[in-house]
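# Geometric and topological summary
Listed here are the chains, written in short residue letters.
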Amino acid sequence: METDSLVLSATERAMLAGEEGPGVQKAMEIVVALGRIYGARQLVRVGSVQVAGVSYKNLGEAGLDFLQEWADQGARACVPTTLNPAGMDLSRWEALGFDPAFADRQNAVIRAFSQMGVRTTCTCTPYLIGNRPGLGEHVAWAESSAVSYANSVLGARTNREGGPSALAAAITGRTAAYGLHLDQQRQATLQVEVRCSVRETSDLGALGYLVGKAAQNRVPFFRGLEVTSEEQLKALGAALAASGAVALYHVDGVTPEAVARADVLAPESELMVVDSLVPGYSALSNAGASRESPEARPREGSGAPIDLVWVGCPHASLDEIERVVTLLRGRKSRSTLWITAAREVRQAAVELGLVAALEASGAQVVADTCVVVAPMRELGFRSMATPSGKGAYYGPSHAGLAVRYGTLAACIEAAVEGRWTPLN
Ligand code: F3S
């Protein structure tokens, strides 16, 4: 609903009037338009921005032209701004088989962002490489799993920004104060009782899938959930945001607002009970069957060939990379095995000898990109196993892949065998 209640400061009015140039003016027009649509009363300063909409596969020439024009109008980020994954590994694209024509256009996109002062980090886990906002800090992040992590695990405040709106926040240093920037909107309205065992990271993905579907854009509050690592929270939030539009969740006794806020759960919240993860595993393994062409359906039963095993959605931490090395035990991978990670995390893995160990097994730590935003069909892949709920959810629709979903251990066995051999 549009209202006229938005009050701008003198600086903000000057930006809107074009006094800081057409690039800033365009950015302020976007921020103000969103504020008016959502009934915001003011703008808030943001501590950081995460920009999405980077892959040339999704942007195309029209998207690149839009970015380049904005950059040429003098638009520059005025707060620390990081960037989501691109459509390829920026330095190793040739060895990984990417088309030089695609690489040329992708590099043009990266140059446009760079011209605007955006750090070309190309990762969906900026919080693993230093962009880690604090409790209560207003930020403007795009990319649903990063948004979920910022809100839920770090207790920062952001709506689910789109590519242009995040960039507009970077250029103005502001976003409109509505939605999850406000205390009241951060209360949980769906209680989730978890009454089954949740141990593996893929269990969190299956749980997130089930709850996300039911919650849609509500805020869930989990009880009975034992979480042992931030990687598990990363997996949970990514799946919640994929099957639903969940941008914030709380876990009793774990996440910061669940610990700090007595009124974190809204009165008369609906109750959801989860007593089995089997429907989640099953739906994610068959996600292609319900939403995609017959070509993207997994073949029934075990033993189906697997072209690609993908770990690192959201991008892998150092611990997750190390765990793959441990599970491989020096064995060769028959399937292509990709672990996607931030470039800086990959570099740390190089220094620890983890990348060398993985490459000796035929695996690759791929930086800057992921299976969902890279042109995977053009690279020849048709079937995939993954322990990521979000990766399994989008694999069929965004990459045209038939998907098997399982634990990390099951996926690594599939890589070694070249076939799906579920362990659970
Ligand atoms: Fe990140 Fe790509 Fe997954 S952007 S969350 S690795 S779909």
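These lines cover the structure that appears in this document, whether it is placed above or below. (Residues numbered from 1 in each chain as written. Predicted model: local features only at pLDDT ≥ 70, side-chain atom pairs only at ≥ 80, totals over all residues. Heavy atoms only, no water.)

### Considerations on the overall build of the protein chain
- Across its full length, the protein chain carries 16 helices and 14 strands.
- Here the protein chain has a C-alpha radius of gyration of 21 Å; the compact-globule value for 424 residues is 22 Å, and the two agree.
- Overall, the C-alpha framework of the protein chain stretches about 65 × 55 × 40 Å when taken along its three principal axes.
- Once local pairs closer than 6 in sequence are excluded, the contacts in the protein chain between residues at least 24 apart make up 77%.
- Of the roughly 16,400 Å² of accessible surface on the protein chain, a fraction of 49% belongs to carbon and sulfur atoms.
- Averaging the locations of the 38 positively and 44 negatively charged side chains of the protein chain gives two centres separated by 3 Å. (Helix = DSSP H or I, 4+ residues; strand = E, 2+ residues; numbered from the N terminus. Rg over C-alpha atoms; globule rule 2.2 N^0.38 Å. Contact = heavy atoms within 4.5 Å. Areas by Shrake-Rupley, 256 points an atom, 1.4 Å probe, with all protein chains shown as cover. Lys, Arg positive; Asp, Glu negative; His and termini not counted. Charge placed at Lys NZ, Arg CZ, Asp CG, Glu CD.)

### Remarks on the sheet that holds strand β3 (residues 81-83)
- If you walk across this open sheet you meet the three strands as β3-β2-β4, and the pairing is parallel. Across the chains shown, the open sheet's two edge strands, defined by having one partner strand only, are β3 and β4 (140-141).
- Where strand β2 (residues 49-51) meets β3, three bridges bridge the pair, whose relative direction is parallel. Across the sheet, residue Q50 finds its bridge partner in β3, namely T82. (Pairing = 2+ DSSP bridges.)

### Topic: the nonpolar core
- Counting residues in hydrophobic clusters, the biggest one holds 116 residues, and the most contacted among them are F113, F222, L225 and W338.
- Look past the residues within four positions of L225 in its chain and what remains in contact with it is V194, V198, L204, L207, L236 and V251.
- If you look at the next biggest cluster of nonpolar residues, it comprises 29 residues, including V311, I339, L358 and A415. (Core = buried A, V, L, I, M, F, W, Y, C linked by side-chain atoms within 4.5 Å. Buried < 20%, exposed > 50% of the residue type's maximum accessible area, 1.4 Å probe, protein only.)

### Notes on the packing of aromatic side chains
- Overall, the coordinates contain nine aromatic pairs when judged by the stated rule.
- Between F222 and Y249, the aromatic rings sit 6.2 Å apart at their centres with planes inclined by 85°, giving edge-to-face as the arrangement. With F222 in strand β7 (residues 220-223) and Y249 in the loop between α8 (230-243) and β8 (250-251), the pair connects residues that are 27 residues apart, well separated along the chain.
- Residue Y249 is classed as buried on the basis of its relative accessible area, which comes to 0%.
- Between W338 and F381, the ring centres sit 6.1 Å apart and the planes meet at 75°, which makes this aromatic pair edge-to-face. Placement of the pair is W338 in strand β11 (residues 336-341) and F381 in the loop between β12 (363-367) and β13 (383-386), with a sequence separation of 43 residues.
- Owing to a relative accessible area of 2%, W338 belongs among the buried residues under this scheme. (Phe/Tyr/Trp six-rings, centres within 6.5 Å; stacked < 30°, edge-to-face > 60°.)

### Topic: the site of the ligand
- Around the ligand, the neighbouring residues are P85, C124, E143, S145, W310, G312, C313, P314, C370, V372 and K390.
- Here the ligand occupies the largest pocket.
- Classifying every residue of the shell around the ligand by side-chain character gives seven nonpolar, two polar and two charged. (Near = heavy atom within 4 Å. 1 Å grid on protein atoms, 1.4 Å probe; cavity = no way out; pocket = protein on both sides within 12 Å on 5 of 7 lines; lining within 4 Å. Sits in = over half its atoms within 2 Å of the grid points. Nonpolar A, V, L, I, M, F, W, Y, C, P; charged D, E, K, R; others polar.)

### With respect to the pattern of salt bridges
- In this structure the tally under the stated criterion is 17 salt bridges.
- A network of salt bridges, in which partner residues are shared, links D89, R92, R346 and E359. (Salt bridge = Lys/Arg side-chain N within 4 Å of Asp/Glu carboxyl O.)

### Thoughts on empty space enclosed by the protein
- For the structure on display, the rule yields one cavity of 30 Å³ or more.
- Put simply, the largest cavity is a space of about 50 Å³.
- The wall of the largest cavity is formed by V31, L34, E161, S165, A169, R174, T175, A176 and Y178.
- Elements that contribute at least two residues to the lining of the largest cavity include exactly α2 (22-37), α6 (163-172) and β5 (174-176).
- Sorting elements by how many residues they give to the lining of the largest cavity places β5 first, with three residues. (Points joined across faces, edges and corners; volume = space filled by probe spheres on them.)

### Details of the sheet that holds β12
- Ordered in space as β12-β11-β10-β13-β14, the five strands form an open sheet in which the pairing is parallel. If you trace the sheet from one side to the other, it starts and ends with β12 and β14 (402-405), each paired once. Strand after strand, the sheet turns through a mean of 25° between neighbouring axes, direction not considered.
- Against the sheet, helix α12 (residues 318-328) touches β10 (308-311), β11 and β12, its axis set at about 160° to β11.
- Most of the contacts of helix α16 (residues 408-417) go to β10, to which it runs at about 150°, and overall it touches β10, β11 and β13. (Axes fitted to C-alpha atoms, helices over the stretch in contact; angles between N-to-C directions.)

### Quick word on the layout of surface pockets
- Its boundaries defined by the atoms lining it, the largest pocket holds a volume of some 460 Å³.
- Residue lining of the largest pocket: 23 residues in total, with N84, E143, V372, V373 and K390 positioned closest to the centre.
- Looking at the lining of the largest pocket, the elements that each hand over two or more residues are α5 (144-153) and α15 (389-399).

### Observations concerning α16
- Of all 10 residues making up α16, eight are buried, and the element is well covered by its neighbours.
- Listed as buried for α16 are L408, A410, C411, I412, E413, A414, A415 and V416.
- Where α16 is buried, its residues contact β10, α12, β11 and β13.

### Considerations on the side chain of S383
- Structurally, S383 can be placed in strand β13.
- Exposure remark for S383: the relative accessible area of 12% places this residue in the buried category.
- Here the side chain of S383 touches P305 through a polar contact of 3.2 Å, landing on its backbone oxygen.
- Reaching out from S383, the side chain makes a polar contact with the backbone nitrogen of D307 at a distance of 3.0 Å.
- Those residues in contact with S383, other than ones at most four positions away along the chain, are P305, I306, D307, L308, L401 and A402. (Polar contact = N/O pair within 3.5 Å; in protein donor to acceptor, adjacent residues only side chain to side chain.)

### Some words on the environment of G134
- Relative to the elements of secondary structure, G134 occurs in the loop between α4 (100-115) and β4.
- For the pair formed by G134 and V54, sequence separation is 80 residues and the distance between their alpha carbons is 26 Å.
- Once you skip the residues sitting within four places of it in the chain, G134 turns out to touch L154, G155 and A156.

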